[in-house]
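# What the coordinates show
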Amino acid sequence: QDVMDIEVKPKPSRPHWYERHVQPCVAELLGSALFIFIGCLSVVEDSGGTGRLQPALAHGLALGVTVAILGDI
C-alpha cells in the first residue's frame, strides 16, 4: 500500500484584538506625538541664519524615524 505524505498547513489564526485595534492606535498616537514634538523643538532654538531649512529638516527626519520605527504596525 502506497502512503502519500501530505503536508497539512495550519490555517493562520486571526490576530489578537489587541493587534488589530489597540496597537495601531497607540502607534498612531506615539508617531504623531514624536513628529509634533520634534517639529516644535526645532523651532524653539531657531537661529537667524537657517531660516526655513532647520524646521523642514527636523520634520523630515522625525517623519523618517517615525516611519522606520512604527511602519510595520
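Coordinates for the structure precede this section.
Residues numbered from 1 in each chain as written. Predicted model: local features only at pLDDT ≥ 70, side-chain atom pairs only at ≥ 80, totals over all residues. Heavy atoms only, no water.

A count of helical and extended segments in the protein chain gives two helices and zero strands. Out of the 73 residues belonging to the protein chain, those deemed buried represent 11%. Accessible area for the protein chain stands at about 6,500 Å²; split by element, carbon and sulfur atoms hold 65% of it. (Helix = DSSP H or I, 4+ residues; strand = E, 2+ residues; numbered from the N terminus. Buried < 20%, exposed > 50% of the residue type's maximum accessible area, 1.4 Å probe, protein only. Areas by Shrake-Rupley, 256 points an atom, 1.4 Å probe, with all protein chains shown as cover.)

With that settled, the discussion passes to helix 1 (residues 17–44). With 28 residues, helix 1 extends 40 Å between its outermost C-alpha atoms, agreeing within 8% with the 40 Å of an ideal straight helix rising 1.5 Å per residue. The largest bend in helix 1 amounts to roughly 35° and is located at Q23, with the proline P24 lying one to four residues further along. Of all the residues in helix 1, the buried ones are A27, G31, G39 and S42. Those residues of helix 1 hidden inside the fold are in contact with helix 2 (53–70). (Expected span 1.5 Å × (residues − 1). Bend = angle between axes of the 7 residues up to and from the residue. Contact = heavy atoms within 4.5 Å.)

In this model, helix 2 (18 residues) spans 25 Å end to end at C-alpha, consistent with the 26 Å of a helix rising 1.5 Å per residue. For helix 2, the full list of buried residues reads P55, A58, A62 and T66. Down the axis, helix 2 shows its buried residues gathered within 65° of arc, on one side only. Counted as exposed and oriented over 90 degrees from the buried face of helix 2: L53, L61, V67 and A68. Summarising the contacts, the buried residues of helix 2 are in contact with helix 1. (Arc of directions from axis to C-beta.)

It is worth spelling out the packing of helix 1 against helix 2 at this point. The angle between the axes and the distance between the axes are what describe a pair of packed helices. For the pair helix 1 and helix 2, the least separation of the axes is 8 Å and the interaxial angle reads 160°. The orientation of helix 1 relative to helix 2 falls into the category roughly antiparallel. When the axes of helix 1 and helix 2 are compared, the crossing they make is right-handed. Residues A27, L30, G31, L34, F35, I38, G39, S42 and V43 of helix 1 form the contact with helix 2, whose participating residues are Q54, P55, A58, H59, A62, L63, V65, T66 and L70. Residues of the contact of helix 1 with helix 2, tallied by class, amount to twelve nonpolar, six polar and no charged. (Axes fitted to C-alpha atoms, helices over the stretch in contact; angles between N-to-C directions. Parallel < 35°, antiparallel > 145°, perpendicular 65-115°, else oblique. Left-handed = near helix turned anticlockwise from the far one by under 90°. Nonpolar A, V, L, I, M, F, W, Y, C, P; charged D, E, K, R; others polar.)

As a further point, take a nonpolar patch on the surface. On the surface, L34, F37, I38, L41, V44, V65 and I69 cluster together into a nonpolar patch covering about 620 Å² of accessible area. Going through the elements one at a time, helix 1 and helix 2 are the ones with two or more residues in the nonpolar patch. Of all the elements, helix 1 adds the most residues to the nonpolar patch, at five residues. Tracing the backbone shows L34 in helix 1. (Patch = residues over 30% accessible without salt bridge, like charges linked within 9 Å, V, L, I, M, F, W, Y side chains within 5 Å. Salt bridge = Lys/Arg side-chain N within 4 Å of Asp/Glu carboxyl O.)

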